[in-house]
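Understanding the architecture of this molecule
Spelled out, the chains give:
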Amino acid sequence: MAVALATGAAAQTPMRVAMGDIASVETLGLLIAMERTKERGVPMDITFFNSEDVATQAVVGGQADIGVGAPYAFIQNSKAPIRMFYRMSTLQFFPVVNTEFYTTWEDLDGQEVTVHSRGSGTEALMRLMETQHGIEYSAISYVPGSEVRAGAMLQGAVKATIVDSSGFRLLTEQGGGKFERLPLDGVNATDEALYGNEDFLNEREADMAIFVEELLRTWAEINQTPTVVAELRTQYDLLPDLPEQAVAEITPYFEGAVTDGMLPTAGGAPDDVIDDLTFLAAAGQVQAPEADLDTGQYWDFDLLTAARD
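Rules used throughout
- Residues numbered from 1 in each chain as written.
- Predicted model: local features only at pLDDT ≥ 70, side-chain atom pairs only at ≥ 80, totals over all residues.
- Heavy atoms only, no water.
- 1 Å grid on protein atoms, 1.4 Å probe; cavity = no way out; pocket = protein on both sides within 12 Å on 5 of 7 lines; lining within 4 Å.
- Points joined across faces, edges and corners; volume = space filled by probe spheres on them.
- Helix = DSSP H or I, 4+ residues; strand = E, 2+ residues; numbered from the N terminus.
- Nonpolar A, V, L, I, M, F, W, Y, C, P; charged D, E, K, R; others polar.
- Contact = heavy atoms within 4.5 Å.
- Salt bridge = Lys/Arg side-chain N within 4 Å of Asp/Glu carboxyl O.
- Buried < 20%, exposed > 50% of the residue type's maximum accessible area, 1.4 Å probe, protein only.
- Pairing = 2+ DSSP bridges.
- Axes fitted to C-alpha atoms, helices over the stretch in contact; angles between N-to-C directions.
- Patch = residues over 30% accessible without salt bridge, like charges linked within 9 Å, V, L, I, M, F, W, Y side chains within 5 Å.
- Areas by Shrake-Rupley, 256 points an atom, 1.4 Å probe, with all protein chains shown as cover.
- Lys, Arg positive; Asp, Glu negative; His and termini not counted.
- Charge placed at Lys NZ, Arg CZ, Asp CG, Glu CD.
- pLDDT = per-residue confidence, 0-100.

**Quick word on empty space enclosed by the protein**
- This model, assessed by the stated rule, comprises 5 cavities of 30 Å³ or more.
- The volume enclosed by the largest cavity comes to roughly 190 Å³.
- Every residue lining the largest cavity is counted, 18 residues in all, and those nearest its centre are Glu26, Ser89, Glu192, Tyr253 and Leu263.
- For the lining of the largest cavity, the secondary structure elements donating two or more residues are helix H2 (28–39), strand S4 (82–90), strand S10 (190–197) and helix H12 (250–259).
- Of the residues forming the lining of the largest cavity, the biggest block, 3 residues, is contributed by S4.
- Across the lining of the largest cavity, the residue classes break down as 9 nonpolar, 5 polar and 4 charged.
- Empty space within the second largest cavity amounts to approximately 120 Å³.
- As for the second largest cavity, its lining consists of 14 residues, and the residues nearest its centre are Asp21, Glu26, Phe93, His116 and Glu192.
- Every element with two or more residues in the lining of the second largest cavity is listed here: helix H5 (121–132), helix H6 (146–155) and S10.
- For the lining of the second largest cavity, the class distribution of residues is 1 nonpolar, 6 polar and 7 charged.

**Let's talk about the environment of Ala64**
- If you trace the backbone, Ala64 turns up in the loop between helix H3 (52–60) and strand S3 (66–69).
- Sequence separation between Ala64 and Gln235 is 171 residues; the distance between their C-alpha atoms is 27 Å.
- With residues near it in sequence (within four places) discarded, Ala64 still touches Arg16, Ala18, Ala58 and Val59.

**Overview of the pattern of salt bridges**
- Overall, the coordinates contain 13 salt bridges when judged by the stated rule.
- In this structure, Arg40 and Glu214 form a salt bridge, with 2.9 Å as the shortest nitrogen-oxygen distance. Placement of Arg40 in the loop between H2 and strand S2 (44–48) and of Glu214 in helix H9 (residues 205–224) is noted, with a sequence separation of 174 residues between them.
- Relative accessible area serves as the criterion here: at 4%, Glu214 is assigned to the buried category.
- Measuring nitrogen to oxygen at the nearest pair gives 3.2 Å for the salt bridge that ties Asp272 to Arg87. With Asp272 in helix H13 (residues 270–282) and Arg87 in strand S4, this residue pair connects regions lying 185 residues apart in the sequence.
- A relative accessible area of 15% means that Asp272 is categorised as buried.
- With a relative accessible area of 4%, Arg87 lands in the buried category.

**Topic: the pairing of strand S8 (residues 160–163)**
- Covered by surrounding structure in S8 are Ala160 and Ile162 together with Thr161 and Val163, the residues of both alternating faces.
- One ladder, built from 4 bridges, connects strand S5 (residues 94–98) with S8; its direction is antiparallel. From the neighbouring strand, Phe94 faces S8, where its bridge partner is Val163.

**Brief notes about the sheet that holds S4**
- Strand order in the open sheet formed by 5 strands is S2-S1-S3-S10-S4, with mixed pairing between adjacent strands. Sheet topology places S2 and S4 at the edges, where each strand pairs with a single neighbour. In this sheet, adjacent strand axes meet at a mean angle of 25 degrees when their direction is disregarded.
- Pairing of strand S1 (residues 15–19) with S2, which is carried by 5 bridges, proceeds in the parallel orientation. The residue of S2 that forms the bridge with Met19 is Phe48.

**Things to note about a negative patch on the surface**
- On the surface, a cluster of negative charge is made up of Glu106, Asp107, Asp109 and Glu136.
- Among the secondary structure elements, Glu106 is positioned in the loop between S5 and strand S6 (112–115).
- On the basis of relative accessibility, which here comes to 45%, the residue Glu106 falls in the partly exposed class.

**Observations regarding the confidence of the model for the chain**
- Of all residues in the chain, 96% attain a pLDDT of 70 or more, and the chain-wide mean is 91.
- Mean pLDDT across the elements of the chain ranges from a minimum in helix H1 (residues 2–12), with 48, to a maximum in H2, with 98.
- Across residues 1–10, where pLDDT falls below 50, the model places 2 contacts with residues more than four positions away in sequence or in other chains.

Encoded structure:
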């Protein structure tokens, strides 16, 4: 009886998600999967923090159970017992400059650039370009939210940044032709993954299995029919305070994300870990992966394997 009561209590305890970003259109896929998980009897909550660092610390400190990001550097440096378990998106960003000031990567030598947050994929990408083009920024500023950074570009507060496809579309439509995308060589790396404490992943294995199943289901549906996101947002009453302009961007954003291959349907694989570490090492954030790397240092693939079966 004691075991049954403890199990029932655990099942009613919400799984707490920590996200180091603002609520926006691009979070809708995750929010839909969470709602579907709730429908299957597993309560979930999400809290939005002002940076990925704070969200990671919340997971490590036990204030949250699941984090959103790609904390390879944190895991490598701290040996913290957190593991990624689902790859939500690949890195598809647009480095953009105000052409009244810059037109090439070389023009950014000695200049300030703005990215999402410390340790984020946006910072890694800009650091990699710094290395590839033999330049050095004077400073890197951290401003969470692609839409926020795009707005700052339109207002003239930022002259060089990196945004997602929605932010780039906004700059293209409202920028009067003065914003241009800088060229990128092909980069295959994780933008956002889900991760949790190893103990939590084991203790709530049954609940986590349901969550991962719903993630796979939702990602497959979005890739097949991107318009479903707007429909499900209405059905679940998600982000009801989104401005009309943002609501109008939902379908174009997800259509673009699917076309660009930003939303992988497999959820992650060991080869992705190697690609991620190679990318981050080139950007100077982690040590390069060894030939005999144990991907279990960073990822737990058991939940994905079970969900696929």
